Each structure stands twice: as structure tokens, then as C-alpha cells.
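Architecture at a glance
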Amino acid sequence: MKKHITVLFLVFSMVFISCDQDFNTIGSDLVGDEHFDFSSHEAQLKAYSVKTEEVQTNNLPVNPLGIYNNPYFGVTKANFVSQVSLATQQPKFGTSVQIENVTLYVPYFSNVETNNADGSKVYSLQSIYGTNKESKMKLSVYENGYYLNAYNPSDNFQTQQRYFSDGSANGTVINFENLKRGNDGSGNSVQNGTRLNDSPNAAENDQFFFNKAEIIVYKTKFNTTTGILEYVDANDVVLANQNDASLRVVKERLAPGIYLTLNKAFFKKRILEAGSANLINNNEFKQYFKGLYFKIEQLPGEQGAMAMFNFSNAKLNVNYSSVDEGAVVGSAATSKSLVLNFGAGSGSNSVSLQDYSYSGAYDAGLSATNQVTGQNSKLYLKGGKGSVVYIDVFGDTDVLKPVNGQLVAGANQIPDELDQLRLKGWLINEAYLEFFIDKTAMAGTNQLEAERLYLFDATNQKPLVDYTFDATTNSNIKYNKLIFGGIIERDNTADKKGIKYKIRITDHIDNLLNSTDTNLNKNVRLGLTVTENINFINNYYYKSPFDVNNTPTVSTDDIEYFPVASIMEQQGVVLHGTNPSAADASKKLKLVIHYTKPN
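Rules used throughout
- Residues numbered from 1 in each chain as written.
- Predicted model: local features only at pLDDT ≥ 70, side-chain atom pairs only at ≥ 80, totals over all residues.
- Heavy atoms only, no water.
- Buried < 20%, exposed > 50% of the residue type's maximum accessible area, 1.4 Å probe, protein only.
- Helix = DSSP H or I, 4+ residues; strand = E, 2+ residues; numbered from the N terminus.
- Pairing = 2+ DSSP bridges.
- Contact = heavy atoms within 4.5 Å.
- Core = buried A, V, L, I, M, F, W, Y, C linked by side-chain atoms within 4.5 Å.
- Polar contact = N/O pair within 3.5 Å; in protein donor to acceptor, adjacent residues only side chain to side chain.
- Phe/Tyr/Trp six-rings, centres within 6.5 Å; stacked < 30°, edge-to-face > 60°.
- Axes fitted to C-alpha atoms, helices over the stretch in contact; angles between N-to-C directions.
- Arc of directions from axis to C-beta.

1. A closer look at the pairing of strand β22 (residues 315-323)
- The buried fraction of β22 amounts to seven of the nine residues, a majority that puts the element mostly inside the structure.
- Pairing geometry for strand β6 (residues 95-107) and β22, over eight bridges, is antiparallel. Residue pairing in the sheet places Tyr105 in a bridge with Lys315 of β22.
- The pairing of β22 with strand β23 (residues 334-341) spans eight bridges and is antiparallel. Residue Tyr320 lies in a different strand from β23, and its bridge partner there is Lys336.

2. So, the side chain of Ser322
- Residue position: Ser322 is located in strand β22.
- We classify Ser322 as buried; its relative accessible area is 0%.
- Ignoring any residue separated from it by four or fewer positions in sequence, one finds Ser322 in contact with Phe93, Gly94, Thr95, Ser96, Val97, Ala333, Thr334 and Lys336.

3. Remarks on the nonpolar core
- Counting 75 residues, the largest nonpolar core has Phe394, Leu455 and Leu575 as the members making the most contacts within it.
- The element best represented in this core is strand β26 (residues 387-393), accounting for five residues.
- When sequence neighbours within four positions are dropped, the list of residues in contact with Leu575 reads Ser377, Lys378, Leu379, Leu381, Phe435, Phe436, Ile437, Asp438, Leu453, Tyr501 and Leu528.
- Core analysis: the next-biggest nonpolar cluster, separate from the first, contains 44 residues, Leu260, Phe267, Phe289 and Tyr320 among them.

4. Some words on the side chain of Asn70
- Tracing the chain through its elements places Asn70 in strand β3 (residues 63-70).
- A residue is classified by how much of its surface remains accessible, and Asn70, at 2% relative accessible area, is buried.
- A distance of 3.1 Å separates a polar atom in the side chain of Asn70 from a polar atom in the side chain of Tyr68.
- In this structure the side chain of Asn70 is engaged in a polar contact, spanning 3.1 Å, whose partner is the side chain of Gln447.

5. Thoughts on the packing of aromatic side chains
- As enumerated under the stated definition, the model contains 31 aromatic pairs in all.
- Seen from their ring centres, Phe73 and Tyr362 are 4.8 Å apart, and the 85° between their planes marks the pair as edge-to-face. In this pair, Phe73 is assigned in the loop between β3 and β4 (74-82) and Tyr362 in helix α5 (residues 360-368), connecting sequence segments 289 residues apart. The pair formed by Phe73 and Tyr362 is uniform in burial state, with each residue classed as buried.
- An angle of 50° between the planes, with centres 6.2 Å apart, marks the rings of Tyr362 and Tyr380 as tilted. Taken together, the residues span a long stretch of sequence, with Tyr362 in helix α5 and Tyr380 in strand β25 (residues 378-382) at a distance of 18 residues.
- Looking at Tyr362, the relative accessible area reads 0%, which means it is buried.

6. Points about the environment of Asp419
- With respect to the element layout, Asp419 can be found in helix α6 (residues 416-424).
- Owing to a relative accessible area of 3%, Asp419 belongs among the buried residues under this scheme.
- Asp419 has contacts with Leu400, Lys401, Pro402, Leu407, Asn412 and Ile414, leaving out every residue within four places of it along the chain.

7. Describing the sheet that holds strand β32 (residues 489-490)
- Here five strands make up an open sheet; going across it, the order is β1-β38-β29-β33-β32 and the pairing antiparallel. Each edge of the sheet is formed by a strand with only one pairing partner; in this case those strands are β1 (39-43) and β32.
- Inspection of the sheet shows strand β29 (residues 427-436) paired to strand β38 (residues 590-596) by seven bridges, in the antiparallel sense. From the neighbouring strand, Ala431 faces β38, where its bridge partner is Ile593.
- Across the sheet, helix α8 (residues 506-514) lies against β29, β33 (498-504) and β38, angled at about 125° from β29, the strand it touches most.

8. Describing the sheet that holds β23
- Read from one edge to the other, the open sheet built from five strands follows the order β5-β23-β22-β6-β19, with strand pairing classed as antiparallel. Edge strands, defined here as strands with exactly one partner in the open sheet, are β5 (85-86) and β19 (257-262).
- Across the sheet, helix α3 (residues 264-272) touches β6, β19, β22 and β23, and the angle it forms with β6 is around 110°.

9. Here's the deal with α3
- Every buried residue belonging to α3 is among Phe266, Phe267, Arg270, Ile271 and Leu272, and all of these are buried. One side of α3 holds all its buried residues, which, seen down the axis, span an arc of 160°.

10. Structural notes on α6
- Those residues of α6 lying buried are Asp416, Glu417, Leu418, Asp419 and Leu421.
- Immediately downstream of α6, the backbone of Gly425 shows phi near 70°, a positive value.

11. Things to note about the environment of Ile428
- By the element assignment, Ile428 lies in strand β29.
- For Ile428 and Phe266, which are 162 residues apart along the polypeptide, the C-alpha to C-alpha distance reads 67 Å.

12. Some thoughts on the environment of Lys251
- Relative to the elements of secondary structure, Lys251 occurs in strand β18 (residues 250-254).
- Of the residues examined, Lys251 reaches a relative accessible area of 60% and is grouped as exposed.
- With 31 residues separating them in the primary sequence, Lys251 and Thr220 have C-alpha atoms 8.5 Å apart.
- Once residues within four sequence positions are removed from consideration, Lys251 is found in contact with Val217, Tyr218 and Lys219.

13. A few points about unusual backbone geometry
- Unlike most non-glycine residues, Phe157 shows phi in positive territory, near 60°.
- In this fold, Phe157 is placed in the loop between β10 (137-143) and β11 (168-169).
- Its identity is not glycine, yet Asn404 carries a phi of approximately 55°, on the positive side.
- Accessibility expressed as a relative area gives 79% for Asn404, which makes it exposed.

This is the structure we're talking about:
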């Protein structure tokens, strides 16, 4: 049995023994230092950054909304458009229908910090980006005016429709802004009408921010005479003083999120008074009511902030009062709710609209990247409409080939270094890539580096064997697969600045050097991205395929897609490349192979 199996056992044992420790320190420097008396080899690498340009953004598991001014990379503004689906198809509204209110709730990612004796909770928010995470913005919600196809009409609906970050599909940019619909003042839906979140509470529109406070919903009763909701006590008796918040009774406590009251007259006409044919099923309903368009705008003197959302957890409730159909004459009206759902789970399509302005430094860095030699001083990774890194292991020199256990002159489409290492018969104990962060580039105030990187097989667009075999888990699922790694290692300063990332590819390198299975020992190109969640390994498309081998007349070698988790993530990081400055020579990107020579 190979010795690297023993080492893997030690690594797994130490991880599980240390399960309560900070995840950033788990597994760092377990192998390859003074603890083990192994020989090591540093392999040749080519590495280069690639600008993604526009990327596919429909039906993302997690979507950004807001404005993120990244000190190094530039400014991203993210809007969002989504269909909604009837939770109950072909609804019956009854008679004497009156609308009570319309509420939209989209929860943030949050953690409970404190449980109070009165049942309330104190929360902290996750996945909020920006210098001031409570920076004010203008939020407007409209009816979407463009039907989002699930399948591509240009090929007779044979393939799934792709929408891209600029709002384009099938080569045409869709102007969601000009097609938006709103209220005409009387509840009618008109193109470019008034926004639907028209509450007098400015925190729901003109002074919107990502509020970490718990949302409290109080008990109310609908007054069918006045047409308004009134606060009631625990016995449903209307409070004499409607303005004294201390007298109100809590009906429900919600985790922090976007919580908006939308225009009642609009939804009464558009939904409750819609023809039955428009509500008979969700296919007809989505043709009739095409969803919602969320628009964010920057306010003077404010930088803005950005949050990540799982819109599958969002709910749009059209609350109304009516008398049930067939009820006895004189029956009282009762309160009901028509629920509209978001997300792929409800069959609703969505598109993340991302407008990104590259900073001068980032744009210049990507333009200067040397793709031909792959010997760059810096590498640039950023999510969304950003950049990825491609890595060729063992270089590309190919003037030798093995014959009868010896290398002789002649090319064989395999790098010479790999040919040489295969002849040595090493037992591979550990192999890892080490990516050091360029602290100068990432030194800006409130410049947060990406929390995790993901390394994958870019030739076949799939996970590496080391990812697949790593079954380690964490209480926070974003930090699963601890052995595979890619989690940032931070220093002990107050700012907790990033130092490096380490990704283990022991089994991948062992297969390259020692396996005789041609499905395992191919020297594939590696890809590196930031990731919003290490558990997402599906791929989405570039709008324009990347000609990685610079062969304009040949498209079969183009890279068409890359990990969707990079598109969801909005942060980035600058890394030292394979050819750093002399001052940073020790931080050179390297692939280190620790091995034992055969006896």
C-alpha cells in the first residue's frame, strides 16, 4: 500500500480531532515541513488570468442585489428580474373581495446572535458587501414587462434558454428597464408606470438599506367598512389607540430581510380581478403577469452595499378579505392570502442583471496578462462578470519522449517534465498548489479578499478527483471539503488580512505520474475561480467562448463555460503569479510534490 494512504489517514485524523478549531488553520502545513522526512519537487507551471466578459446569470441559486464598490476591482451594480408562480393554481377569490395589503418578503442570509426572554432575537447578517453595509440606496420594484422563456425559441425550444449578465439572450440585449410596468395611479398596469413599493416609509424605497433588525408583524383585523387594517389586542379587539406601538400584539417574528408593502390598488386589479383564464395554471399566469423587476440606484454621498439572496425563499402575499363562494347569505367576510412564489423550485425563471465597471488597475492588469508564456507577476480572480485563472501543469516543453524506460529525442504531446517524473516511480505523499495573496494590491481600506477558491479540471469542466474524494464537512457548509482546501488563511492582525490559499491535489498528481488508466493520467488544464459555495459545481456559459489556445479558426478547443459558483460570488483577490517581483520571490505560485523514492 502506498505511503500516501498513511499520510491521508493522518490528515483526516487531525482534521476530525481539531473539528472545533478555526477552519482557517485546519490542515495548514500538515505535510511537507519538518514533521515528515520526505523529498520534494517543485513543478513547472504556466498560469494566466482571463476576463470572463458577460456571463450566464439566469436561475442562479444565489443572486446579488445592490451596489458593491470594491476598492481594487471596481463597482458592480446588480438588479434582478424574476417570474413568480401561483402557490395555488386556479384560485377562487369568493365574493365581496377587498384587498387588505400586499407584502413582499425576501430574507437575508443571517445568524442568530442572541435569543431574548421576550422571544425576540438579535441577528447578524452574512454575505453583505460594502464599506458601510447599511449604506442607503434607492430601491424600486416594478412589474416585469418581458416574458422569460425557459427554453430557447431560436432552436424550436430544444435547449434551455440562456440569459446573460447584460440582459441579453440569443444575441439581443433585452431592455428590462424600458419594458418595466407600474401603476398608472388608478391601479392599472402601464409601461414605465409608478413603482409598486410606494409606501410612505422611506426605508422601503428611497432610503432603503440592508437592515439587520428582526421584522415584527403585528396582529391586525381588516375593517371592511373603512378598507384598512387595524391593530387588535390578544382577543382581536380593535385597539383604541392605533398609534401606540407598545399596545400592539406580536403575530409573527421574521428573520431580517427585504420587507415591503406594495400598492394595493395595482394588485387588486392585476391579480384579484384578473380573468380566470389568466389564473388557470402557472403557464398562463406567467404569460399574463411576467414577474417583478428589482431596481437599485445609488444615492448622492452614499457608496451603497450589496447582499446575496436566495430568492427561492421569497414570498409575495396578496392578502384580501372575501365571502366564500356558496356561503350562506349574510356570511361575514374572512381574511385570506394568495401566495406567489419565486425561484426554480416553483418553476419560475430569473435573471441577475449585473452592470460592472472595471477599475483602471484591474483592467490594466487583465490586459497585460501574458497568456502565451503564462509567466505573470500577478493573477486576478473576481466573481460575477470578472476573471478566472487557467493553469497548465508541467509547462509545455515537448522535445523528448520515453522509449524503453529512457527519454529520447522526439515529441509525444506530453510535457517533458511529466515524462521525466513518470520514469522515477515516486510514491506521492502530498501535492498542493500554494497561492499567495498580493498584499499590496489588496491593502485598500475595507478590501476583503475572497474567502475561498475552487480548483477544477478545466479541460473537462468537472471537479478534480481530490475534490470528489474529500468527504469532510463543517457546521457551515461553505467550508466543507477541508482537506481539498482553498480556504483563505488570515493573519492575526486586527484587520485579519489574507495570507494565502492552499489546495491539495495529491490524488490528481499521483494519477498523472503513476496511473496507467488513460482516463486518469491525462494532463488536463486546471481552472481556478472564487466560489460563493464550495458545494456548487455546476457550470454556466461565457457569452463569448474563450479561445484558450489562440486558434481563431478552430472552435473545438474553446472553453465555453466555467463554475456557476464564481458567477454568484462578487468578491475577488489578486495573487502572486509564477513570475513575481524579486522582492516577492518567496511568494511565487508553486506546485509542490512531496514524495518517497522507491526502495
